[in-house]
Amino acid sequence: MANLILILGDQLSPTLSALEGADRESDLIVMAEVHDEASYTNHHKKKLVFLFSAMRHFAQELEQQGWRVQYQPYHPDNPAQSLEQFIRAAVQEHSPKRLITTECGEWRLHAQIRQWHKILGVHVEIRPDTRFICSIHEFARWAEGKKQLRMEFFYREMRKKTGLLMTPDGQPEGGNWNYDADNRKKWSGKPPAPSPFRVEPDDITRAVIKLVDEQFSEHFGTTDDFHFAVTAEQAQQALAHFIDFALPCFGDYQDAMSDSEDWLFHAILSPYLNAGLLEPIDVCEATVHSWHSGQAPLNAVEGFVRQILGWREFVRGIYWRLMPDYAQENRLGNTRKLPWFYWTGDTRMRCMHKAIDATYRNAYAHHIQRLMVTGNFALLVGVNPEEICDWYLAVYADAYDWVELPNVLGMVMHADGGYLGSKPYAASGKYIQRMSDHCANCHYNVNKATEGDACPFNALYWHFIDRHRDDFASNHRMGMMYRNWDKQNPERRDALLQRANWLLEHLEEL
Ligand code: FAD
Ligand code: DLZ
């Protein structure tokens, strides 16, 4: 036999580099659902259903296209409980010339695969993941010598490289690189938010739902109402649905939160992008096309393209540049345990309850919920970065280490000392009030700060500012916060710190 080609659960793309030049007759594609990958974190049940079902559909499509595929469905008694055991058995059975794979998205697994040539006695060829717009090497060249990295400058380079939203003479369309100033509207219920794209589970998905309910019953979340796309064709339909119904308002309400709507005008495409059912460049091009055809405004399309061409590529570059040391960073010295209500949603803080409850039901929360609600709270109370990172890795259908870690450790927790972001996204309840209608339905009063029924975010915000003076007072983007803090009279400051200390001691009761 010629080669074994390993395709991982998030590599479900016909364009995968591991498949380039492969021979359908002599090469064998291997894919496996294994216990170790399904349980290295408390993966949400819907994430497991999505990934196993998408893997099974992809294997079936490959076979229909004439590829030879060896596929291991999950069973608790499988002899191979890890990818390494599975590949060992495949190597023994087929004696391939080489094992070919595409670089994987997690340091943990990457480190294992890099040892396989020694342990398994097979030549292992690891190819670059060409689905990303910026390669690991290209990013490293861009980042070389810079003390801090700024997404905005990287994004401009990517705009120039791809020509997306660029005029023929090399200028940004509309004259600006960024239209964020137009993208901060509160949503008051109008225009109505579209329903998310839905696919009813087919036989394969129903079998996987049963499997996950039986074998992973202890995992977070629910399989109820599973409606994600599980094939590339369906993911394309999800993209078309987004462009038709949500993209025109994506920019305006990008930062909004709602007490009654889980998805608002977001794309809900990250699980598909990250598993390979959609390619980032195709998604960007499709949305730019909708601007050219007058279907969506520039602020929406530019804002959306920036998320994928900018943020998505940027965080991946940072991950591979700084791992494995990055995962150990804790520059703010946080030690607090993750409050238990992150797993139950059982808290009277309405915004937290809503974000966690949506996460439990959907394996999804939109960016602002992740950043400014659950993330902001973890930052303000000083949760240990490892614990909060593990929570984010577990609970979202789109979560993989390469994208989750920089977002949580860098963007939310500022644990990398500001390498990824110039200032922490710390905010009081006022921000949540400005961007949502949660506060009107909350047990706590957002207009109070020191009283027993005051919004916890308020005093906790000032406690964060006070306790991190040495870290942030000289940051010019934080100067105003420190001036505001110092301006308050000493009694008020004491009362705020007392309230915050009480809250920190009673977090589980909030
Ligand atoms: P939209 O809001 O419609 O955005 C469009 C696309 O842009 C997304 O599908 C995604 O591919 C990309 N994108 C947007 N923001 C980011 C970003 N900051 N980093 C990378 N890609 C981005 N995204 C993940 O894919 N996986 C994660 O594990 C993940 N963890 C996050 C944790 C935290 C604390 C925060 C603040 C953000 C995280 N993000 C993560 C980024 C972002 O929240 C999700 O990509 C987005 O919510 C997915 O929903 P959507 O497809 O509706 O996105
Ligand atoms: C996330 C995940 C899960 C839950 N299960 C599998 C699996 O059974 N088999 C597999 O090949 N991959 C799985 N994955 C994805 C990997 O854990 C890992 O996150 C990615 O392959 C990194 O690129």
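Cut-off values and rules
- Residues numbered from 1 in each chain as written.
- Chains lettered and ligands numbered in written order.
- Predicted model: local features only at pLDDT ≥ 70, side-chain atom pairs only at ≥ 80, totals over all residues.
- Heavy atoms only, no water.
- 1 Å grid on protein atoms, 1.4 Å probe; cavity = no way out; pocket = protein on both sides within 12 Å on 5 of 7 lines; lining within 4 Å.
- Points joined across faces, edges and corners; volume = space filled by probe spheres on them.
- Helix = DSSP H or I, 4+ residues; strand = E, 2+ residues; numbered from the N terminus.
- Nonpolar A, V, L, I, M, F, W, Y, C, P; charged D, E, K, R; others polar.
- Near = heavy atom within 4 Å.
- Polar contact = N/O pair within 3.5 Å; in protein donor to acceptor, adjacent residues only side chain to side chain.
- Areas by Shrake-Rupley, 256 points an atom, 1.4 Å probe, with all protein chains shown as cover.
- Domains from an automatic or database assignment.
- Core = buried A, V, L, I, M, F, W, Y, C linked by side-chain atoms within 4.5 Å.
- Buried < 20%, exposed > 50% of the residue type's maximum accessible area, 1.4 Å probe, protein only.
- Contact = heavy atoms within 4.5 Å.
- Buried area = accessible area lost by both parts, 1.4 Å probe.
- Expected span 1.5 Å × (residues − 1).
- Salt bridge = Lys/Arg side-chain N within 4 Å of Asp/Glu carboxyl O.
- Axes fitted to C-alpha atoms, helices over the stretch in contact; angles between N-to-C directions.
- Parallel < 35°, antiparallel > 145°, perpendicular 65-115°, else oblique.
- Left-handed = near helix turned anticlockwise from the far one by under 90°.
- Disulfide = S-S within 2.5 Å.

**A short note on empty space enclosed by the protein**
And then number 1: Inspection of every chain in the model, using the stated rule, returns 6 cavities of 30 Å³ or more.
And then number 2: The wall of the largest cavity is formed by 22 residues, among which G9, E37, Y40, L51 and Y400 lie closest to the centre.
And then number 3: Among the elements of the structure, α1 (35–38), α2 (45–64) and α4 (107–113) are those that each provide at least two residues to the lining of the largest cavity.
And then number 4: Among the elements that make up the lining of the largest cavity, the one with the highest residue count is α2 (5 residues).
And then number 5: When grouped by side-chain class, the residues that make up the lining of the largest cavity number 13 nonpolar, 3 polar and 6 charged.

**Overview of the site of ligand 2**
And then number 1: Around ligand 2 sit 21 residues, and of these D10, A32, V34, E37 and G105 come closest.
And then number 2: Between E37 and ligand 2, the recorded distance is 2.5 Å, taken from a side-chain N or O atom to an oxygen atom.
And then number 3: E106 is positioned with one of its side-chain polar atoms (N or O) 3.1 Å from an oxygen atom of ligand 2.
And then number 4: Protein contact buries 100% of the 490 Å² of open area that ligand 2 shows by itself.

**Things to note about the site of ligand 1**
And then number 1: Near ligand 1, the surroundings consist of 29 residues, among which H266, A267, I268, N274 and Y364 are the closest.
And then number 2: At 2.8 Å, a side-chain N or O of N274 approaches an oxygen atom of ligand 1.
And then number 3: Within the backbone of D398, one N or O atom sits 3.0 Å away from a nitrogen atom of ligand 1.
And then number 4: If ligand 1 stood free it would expose 820 Å²; the protein chains cover 99% of that surface.
And then number 5: Of all elements in the fold, only α11 (270–275), α13 (298–322), α16 (367–381) and α18 (401–412) reach the threshold of two or more residues within the shell around ligand 1.
And then number 6: By residue class, the composition of the shell around ligand 1 is 18 nonpolar, 7 polar and 4 charged.
And then number 7: Residues lining the shell around ligand 1 come from more than one domain, with at least three contributed by each of domain 2 (136–194 + 246–314) and domain 3 (341–509).

**Observations regarding the nonpolar core**
And then number 1: Formed by 162 residues in total, the largest nonpolar core has its most connected members in L269 and F377.
And then number 2: Among the elements that take part in this core, α13 stands out by supplying 13 residues, more than any other.
And then number 3: Setting aside residues up to four positions removed in sequence, L269 forms contacts with A238, L239, F242, L278, V283 and F304.
And then number 4: One finds A32, L83, F86 and I113 within the second-largest nonpolar core, a separate group that totals 21 residues.

**Observations concerning the domain arrangement of the protein**
And then number 1: For the protein, the assigned domains are domain 1 (3–127), domain 2 (136–194 + 246–314) and domain 3 (341–509).
And then number 2: The C-alpha centroid of domain 3 is placed 39 Å from the C-alpha centroid of domain 1.
And then number 3: Contacts between domain 1 and domain 3 engage 12 residues on the former and 16 residues on the latter.
And then number 4: Taking both sides of the interface into account, the surface hidden between domain 1 and domain 3 amounts to around 1100 Å²; carbon and sulfur atoms contribute 52%.

**A word on α2**
And then number 1: For α2, which comprises 20 residues, the first-to-last C-alpha distance of 29 Å matches the rise-based estimate of 28 Å (1.5 Å per residue) to within 8%.
And then number 2: For α2, the tally of buried residues reaches 16 of 20 residues, placing the bulk of the element in the interior.
And then number 3: Count one or two residues on from α2 and you reach G66, which has phi positive near 95°.

**Overview of the pattern of salt bridges**
Pairing between side chains becomes possible if they bear opposite charge and their charged atoms approach one another.
And then number 1: Inspection of every chain in the model, using the stated rule, returns 26 salt bridges.
And then number 2: Its salt-bridge partner being D259, residue R350 comes within 2.6 Å of it at the nearest N-O pair. Here R350, found in helix α15 (residues 350–362), pairs with D259, found in the loop between α10 (247–250) and α11; they are 91 residues apart in sequence, far enough to count as distant.
And then number 3: A relative accessible area of 9% places D259 in the buried class.

**Structural notes on the packing of helix α9 (residues 232–245) against helix α12 (residues 280–292)**
And then number 1: In contact at an axis separation of 11 Å, α9 and α12 are set at 30° when each is read in the N-to-C sense. Judged by the angle between their axes, α9 and α12 are roughly parallel. α9 and α12 meet at a crossing whose hand is right-handed. Contact residues: α9 offers L239, F242 and I243, while α12 offers V283, A286, T287 and S290.

**Describing the state of the cysteines**
Defined simply, a disulfide is a covalent bond joining two cysteines at their sulfur atoms.
And then number 1: On inspection of all chains with the given rule, the structure shows 0 disulfides.
And then number 2: In this structure C134 is not part of a disulfide, and its nearest cysteine sulfur, from C284, lies 13 Å away.
And then number 3: According to the relative accessible area criterion, C134 is buried, its value standing at 3%.

**Quick notes on the layout of surface pockets**
Over the atoms, a rolled probe matching the size of one water molecule traces out where space is still vacant.
And then number 1: The computed volume of the second largest pocket comes to approximately 320 Å³.
And then number 2: The wall of the second largest pocket is formed by 16 residues, among which A327, E386, L393, D401 and L405 lie closest to the centre.
And then number 3: Mapped by element, the contributors of at least two residues to the lining of the second largest pocket are α4, α17 (385–395) and α18.
And then number 4: A total of 5 residues in the lining of the second largest pocket trace back to one element, the largest contributor, which is α17.
And then number 5: Each of domain 1 (3–127) and domain 3 (341–509) gives at least three residues to the lining of the second largest pocket.

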